[in-house]
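# Coordinates in review
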Amino acid sequence: MSTVRGARERARIEVTAAIKDEARKRLAAEGAAKLSLRAVARELGMASSAVYRYFPSRDELLTALIVDAYDSVGEAAEAAHRAAAAGTAGHLARWIAVTRAVRDWALARPHEYALIYGSPVPGYTAPQATVGPASRVGLVLIAVVADAHRTDGLALPPLADDLRAEAVRMVTEFAPGLPPEAAPPLIAAWAKLFGLISFEIFGQFHRVVEAREAFFREAVTEMARTVGLPAGEKG
């Protein structure tokens, strides 16, 4: 790569980062529905036409922010799993470490959390590019359960007959190697995790749950039991 080309590439990376940083500020101030490329350009002292060279539309900028947010929370979950797995933590402790990392990320970045788990943005349809990043947290939870299945086995209830075909499809697509009985409680736990966090982020726990960290830990511990993690472990 020539020196000139390298300098141009670095400049493009820096400007792209500046645009996304300003867009995140606009999200915090006004919400995703009001995100405007013109407003971002104005705050950065750029011509609107210059911003359009980096992001041709508001939707492309939104997609970039959404992918970044999913990757960021995914990285937090994966880092927590690696750290727990590198020590002597049991499967329950790993599960709790991962779920706590996701909650901590959300509390530190509520506006980014709202972008990916809040109300849909009017007129915006997420493209296929968001699917992989959106899967990262779920795949970490699956990895914890899969490792427990390989080493200690899972304590799972029988599967209802009318759900078996769907459960087989789920493990085939999302969690190969796990028994079908593991799929429904895993999907439910994934949904419950973000339900808990959303209630906290969006204020539904106000004057209902005050000891929120302890409540969260108890709730995700119970989720771990439903996905079959060994009942004798301590978190």
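My aim in this report is to walk through the structure given alongside it, one point at a time. (Residues numbered from 1 in each chain as written. Predicted model: local features only at pLDDT ≥ 70, side-chain atom pairs only at ≥ 80, totals over all residues. Heavy atoms only, no water.)

### Description of the nonpolar core
- By size, the foremost hydrophobic cluster in this structure holds 65 residues, and its most contacted members are W95, L178 and L229.
- Residue contributions to this core peak at nine residues, all from helix α4 (residues 58-86).
- If near-sequence neighbours (up to four positions away) are discounted, W95 is found in contact with L141, V144, V145, L186, A189, V220, M223, A224, V227 and L229. (Core = buried A, V, L, I, M, F, W, Y, C linked by side-chain atoms within 4.5 Å. Buried < 20%, exposed > 50% of the residue type's maximum accessible area, 1.4 Å probe, protein only. Helix = DSSP H or I, 4+ residues; strand = E, 2+ residues; numbered from the N terminus. Contact = heavy atoms within 4.5 Å.)

### Quick word on a nonpolar patch on the surface
- Nonpolar side chains collect at one region of the surface, where F174, I187 and W190 lie side by side and expose about 270 Å² of accessible area between them.
- Since its relative accessible area comes to 36%, W190 is described here as partly exposed. (Patch = residues over 30% accessible without salt bridge, like charges linked within 9 Å, V, L, I, M, F, W, Y side chains within 5 Å. Areas by Shrake-Rupley, 256 points an atom, 1.4 Å probe, with all protein chains shown as cover. Salt bridge = Lys/Arg side-chain N within 4 Å of Asp/Glu carboxyl O.)

### Overview of the packing of helix α5 (residues 91-108) against helix α8 (residues 136-151)
- Running from N to C, α5 and α8 cross one another at 175°; their axes reach a closest spacing of 10 Å. When the axes of α5 and α8 are compared, the pair comes out roughly antiparallel. On the side of α5, the interface is formed by H91, R94, W95, V98, T99 and V102, while α8 contributes V137, V140, L141, V144, V145, D147, A148 and T151.
- When the residues that make up the contact of α5 with α8 are grouped by side-chain class, the tally is nine nonpolar, three polar and two charged. (Axes fitted to C-alpha atoms, helices over the stretch in contact; angles between N-to-C directions. Parallel < 35°, antiparallel > 145°, perpendicular 65-115°, else oblique. Nonpolar A, V, L, I, M, F, W, Y, C, P; charged D, E, K, R; others polar.)

### Digging into helix α10 (residues 183-201)
- When the terminal C-alpha atoms of α10 are compared, their 27 Å separation across 19 residues agrees well with the 27 Å that a helix rising 1.5 Å per residue should span.
- The inward-facing, buried residues of α10 contact α5, α6 (110-117), α8, α9 (164-174) and α11 (212-226).
- At the exit of α10 stands G203, carrying a positive phi of roughly 90°. (Expected span 1.5 Å × (residues − 1).)

### A word on unusual backbone geometry
- The phi dihedral of R207 falls on the positive side, at around 65°, and the residue is not glycine.
- Looking at the element boundaries, R207 is found in the loop between α10 and α11.
- For R207, a relative accessible area of 73% gives the class exposed.

### Quick notes on the packing of aromatic side chains
- Tallied over the entire structure, the rule returns seven aromatic pairs.
- With a centroid separation of 5.9 Å and an interplanar angle of 85°, the aromatic rings of Y70 and Y117 are classed as edge-to-face. In this pair, Y70 sits in helix α4 while Y117 sits in helix α6, placing the two residues 47 residues apart along the sequence.
- Considering the side-chain rings of Y113 and F194, the 6.5 Å spacing of their centres and the 25° angle between planes classify their relative orientation as stacked. Separated by 81 residues along the polypeptide, Y113 in helix α6 and F194 in helix α10 bring together distant segments of the chain.
- Among the aromatic residues, those joined into a ring-pair cluster are Y70, Y113, Y117, F194 and F202.
- Lying across the ring of F216, R103 places its NZ or CZ 5.4 Å from the centre. (Phe/Tyr/Trp six-rings, centres within 6.5 Å; stacked < 30°, edge-to-face > 60°. Lys NZ or Arg CZ within 6 Å of the ring centre and 35° of its normal.)

### Some words on the side chain of R94
- For R94, the position within the fold is in helix α5.
- Residue R94 is classed as buried on the basis of its relative accessible area, which comes to 13%.
- Those residues in contact with R94 that lie beyond four places of it in its chain are H81, A84, A85, A89, V144 and D147.

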